[in-house]
Amino acid sequence: MRTHTCGELRAKNSGENVTLQGWIDAIRDHGKMVFISLRDRYGVTQVVLADAELIEKGKKLGGEYVVEVEGMVRERPSDMRNPSLETGKIEVVASRIKLISSSSVPPFVIKDPATAKDELRMKYRYLDLRRPSMQKNLIMRSKLINTVRAYLLKKNFLEIETPCLTRTTTEGARNFVVPSRNFKGKFYSLAQSPQIYKQLLMIAGVDRYFQFAKCFRDEDQRADRQPEHTQIDLEMSFVDEEEVMELVEGMIQTIFENILGLKVKVPFERLTYRNAMEQYGTDKPETRFDVYISDITKIAKKSEFRIFKEVKFVRALTVPLLTRKRTDEFSEFALKYYNSRISYLSFKETISGNIAKFFSSKLTGELKSALSIRGEETVLFCAGDWKRSLETLGAIRNKVLEGKTPREKYKLLWVTDFPLFEWDNKIGSWAPCHHIFTMPKTDNFKDPSKVAGKQYDLVLNGIELGSGSIRIHDRDLQERMMEIGGMNRAKRDREFGFFLSALTYGTPPHGGIAIGLDRLLMILAGKGSIQEVIPFPKTLTGAGLMEDVPSEIENEKLKELGIKITSTGNQ
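Residues numbered from 1 in each chain as written. Predicted model: local features only at pLDDT ≥ 70, side-chain atom pairs only at ≥ 80, totals over all residues. Heavy atoms only, no water.

Enquirer: Which residues make up the overall build of the chain, and what values do they have?
Expert: Regarding its fold elements, the chain presents 16 helices and 23 strands. When its C-alpha atoms are laid out on the principal axes, the chain stretches across 90 × 75 × 55 Å. Burial analysis of the chain (571 residues in total) assigns 47% to the buried set. The long-range fraction of contacts in the chain, counting pairs at least 24 apart against all pairs at least 6 apart in sequence, stands at 66%. Counting only carbon and sulfur atoms, one obtains 50% of the accessible surface of the chain, whose full area is about 29,900 Å². On the chain, the mean spot of the 89 positive side-chain charges and the mean spot of the 77 negative ones are 2 Å from each other. (Helix = DSSP H or I, 4+ residues; strand = E, 2+ residues; numbered from the N terminus. Buried < 20%, exposed > 50% of the residue type's maximum accessible area, 1.4 Å probe, protein only. Contact = heavy atoms within 4.5 Å. Areas by Shrake-Rupley, 256 points an atom, 1.4 Å probe, with all protein chains shown as cover. Lys, Arg positive; Asp, Glu negative; His and termini not counted. Charge placed at Lys NZ, Arg CZ, Asp CG, Glu CD.)

Enquirer: Go over the pattern of salt bridges with me, naming the residues and quoting the values.
Expert: Under the definition given, this model contains 42 salt bridges. For R407, the salt bridge is made with E408, and the minimal N-O distance between the two is 3.8 Å. Of the residues examined, E408 reaches a relative accessible area of 29% and is grouped as partly exposed. The salt bridge involving R489 is made with E479; its shortest N-O contact spans 3.8 Å. Taken together, the positions of R489 in helix α14 (residues 489-502) and E479 in helix α13 (residues 475-484) put the pair ten residues apart, joining distant regions of the chain. On the basis of relative accessibility, which here comes to 10%, the residue E479 falls in the buried class. Through salt bridges with shared partners, one network takes in D112, D118, R121, R125, D128, R131 and E532. (Salt bridge = Lys/Arg side-chain N within 4 Å of Asp/Glu carboxyl O.)

Enquirer: Residue-level account of the domain arrangement of the chain, with values.
Expert: Entries for the chain in the domain assignment read domain 1 (9-99), domain 2 (132-268 + 410-554) and domain 3 (288-399). Each of domain 1 and domain 2 has a C-alpha centre, and the two are 49 Å apart. (Domains from an automatic or database assignment.)

Enquirer: Can you explain the packing of aromatic side chains? Please cite residues and give values.
Expert: The final tally for this structure, using the stated rule, is 17 aromatic pairs. Taking 5.6 Å as the distance between ring centres and 85 degrees as the angle between the ring planes, the aromatic pair formed by F437 and F499 counts as edge-to-face. Of the two residues, F437 sits in the loop between β20 (429-432) and β21 (455-460) while F499 sits in helix α14, which places them 62 residues apart along the sequence. F499 carries the same exposure label as F437, and that label is buried. Three or more aromatic residues joined by ring pairs make a cluster, and in this case those are F305, F308, F358, F359 and F381. One Lys or Arg, K399, reaches over the ring of F333 and ends 4.9 Å from the middle of that ring. (Phe/Tyr/Trp six-rings, centres within 6.5 Å; stacked < 30°, edge-to-face > 60°. Lys NZ or Arg CZ within 6 Å of the ring centre and 35° of its normal.)

Enquirer: Which residues make up the pairing of β21, and what are the values?
Expert: Burial analysis of β21 places six of its six residues in the buried class, which makes it a mostly covered element. In β21, alternate side chains face the same way, and those of Q455, D457 and V459 on one face and Y456, L458 and L460 on the other are all buried. Alignment of strand β18 (residues 412-416) against β21, held across five bridges, turns out to be antiparallel. Its bridge partner lying in β21, L413 is registered against V459. Sheet analysis places β21 next to strand β22 (residues 463-470), joined by six bridges and oriented antiparallel. Within β22, the residue paired with L458 across the bridge is G466. A loop of two residues connects β21 with β22, the two strands running antiparallel in sequence, and N461 in this loop sits at a positive phi of about 55 degrees. (Pairing = 2+ DSSP bridges.)

Enquirer: Before we move on, could you go through helix α5 (residues 195-203) and cite the residues and values that matter?
Expert: Burial within α5 is extensive, with seven of its nine residues counted as buried. Turning to α5, its buried residues number three or more, namely Q195, I196, K198, Q199, L201, M202 and I203. Looking at the buried positions of α5, the neighbouring elements they touch are β10 (208-216), β11 (228-237), α14 and β23 (510-516). Downstream of α5 by a residue or two, G205 has a phi angle that is positive, lying close to 90 degrees.

Enquirer: Pulling in residues and values, what's your account of the sheet that holds β21?
Expert: The sheet built from eight strands is open, its strands ordered β6-β10-β11-β23-β22-β21-β18-β12 with mixed pairing. Looking at which strands have only one partner, the edges of the open sheet turn out to be β6 (158-159) and β12 (269-272). One ladder, built from nine bridges, connects β10 with β11; its direction is antiparallel. Counted as the bridge partner of R208 is M236 from β11. Helix α4 (residues 132-154) contacts β6, β10 and β11 of the sheet and is inclined by roughly 150 degrees relative to β10. Running over the sheet, helix α15 (residues 517-524) touches β10, β11, β21, β22 and β23 and is turned about 140 degrees from β22. (Axes fitted to C-alpha atoms, helices over the stretch in contact; angles between N-to-C directions.)

Enquirer: Which residues make up unusual backbone geometry, and what values go with them?
Expert: Looking along the chain, the bond that leaves D112 and enters P113 is cis, with omega of -5 degrees. Note on placement: P113 falls in the loop between β5 (90-101) and α2 (118-123). In this model, V549 is joined to P550 through a cis peptide bond whose omega is 0 degrees. In this fold, P550 is placed in the loop between α15 and α16 (555-561).

Enquirer: Just give me the short version of the side chain of Q46, but keep the residues and values in it.
Expert: Here Q46 shows up in strand β3 (residues 43-49). A distance of 2.8 Å separates the side chain of Q46 from the side chain of R28, its partner in a polar contact. Ignoring any residue separated from it by four or fewer positions in sequence, one finds Q46 in contact with R28, F35, I36, R76, E91 and V92. (Polar contact = N/O pair within 3.5 Å; in protein donor to acceptor, adjacent residues only side chain to side chain.)

Enquirer: I'd love a proper account of the pairing of β22, names of residues and values included.
Expert: Side chains on a regular strand alternate between the two faces of the sheet. When β22 meets β23, the two strands line up antiparallel, connected through five bridges. Across the sheet, G468 pairs through a bridge with I513, a residue of β23.

This is how it looks when you write it as structure tokens:
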């Protein structure tokens, strides 16, 4: 077969007889000579057909044909070298060429950058993956996985697989369910995460576990979500938050060094959940820009604007001067997605804005001083309850920063001390903010809104990479937290009885984290969507265009499973 790859030959190989195999990337017919760019995963080598018989064979070939070439390596003339190719100093003069496999005309040009629409690329993903940039992403993915595996194995972790078929629970996102042929009317659920199983492994005495876990969530898709994704999942016994975070920092440091050749400083910056919200309006802040949210409640209440006087909080976001059109766009956005109203003041030679008449010149001066306004700027106000006002301005802040150049390429930080519960008006009770297995930082549960957990989220460039916590290792405390979260005894026993029982058999203190491998890779590869770094992703609607999934099932199979379809499509 082949003696070398298409990215391997150099000037030192001149005079060698070699055999190459690969895809025809391009053919250039110069009459008395035909040049073929032969491509494989490793690179491109120029092949020269100079013999009359070979030229005739070459003229019958096409793009993406798979061929085998035997020939002699020679150095190219200095004025014919291609500095953009690692093999650009040499070419192979063919003595033999053999067609291995012909190709239909591809539905799009297999070149970088991609010019085809995403839907077409998805339908012919196996062709899209031939592009060098996509090959690079796959190589980076493999290197990342092996870097993490090597790091954790050195730290005495065991790589253990946990089940994908689990029981259905009502906690978290929607489940993908799997019918059972042997137990008609009963269903498995595809695992949203290995959370319960990895805690059971700690109870089993495994001490340190990890896996590259496939997780499945039936939720609305976006650029950094897929119905199935891979996470770097790990758990450790006899540890506290500091030990878990220190281990993860070392792992991320190793990843950046091995993948990008960059050194990142440790320890990472830390922000409490409350500080992150009050400064940036989000629990996954983009901190590479000096744009902050300010609490101007005291000043705002001195104005004549009735709404400011009536609400508990008034927040302000100071940004470069906005046009009226832009402020209207932000107002529509806030109303549509957060049910919040935005007011604004624009500072130029004069002061304008939809609430300018409610501010005296003295109060305006006080506001300018408090917000350090020096030039032409716009102040956006949002009044209301603590969380909604902050989240509204946080989302607008992210929109303002779109397309801006940050002061540094990568910024890692931890967000800690998350609240464990929030009031849910829909169900009229307290509900968990995250999952219900996080150890609280207090034993006083009189006001659940003030109960913080031993939780830590890892954020990179404003994107949540992962979430972790120290877990509850006492059954009574676990049941108490479930009860506060609105889960009665019958439901606890039905959905988590096996786990609660396991907690009574000597459970060590333990904690861990799950890091989104696809999200991390997306950032390292400089891509805007995880679709670019997953070999066979789904569309934003959750469809697989290549294999046409989800698909209908034959009636015989449905009957075998004891299932009857009563409606289809949007019915």
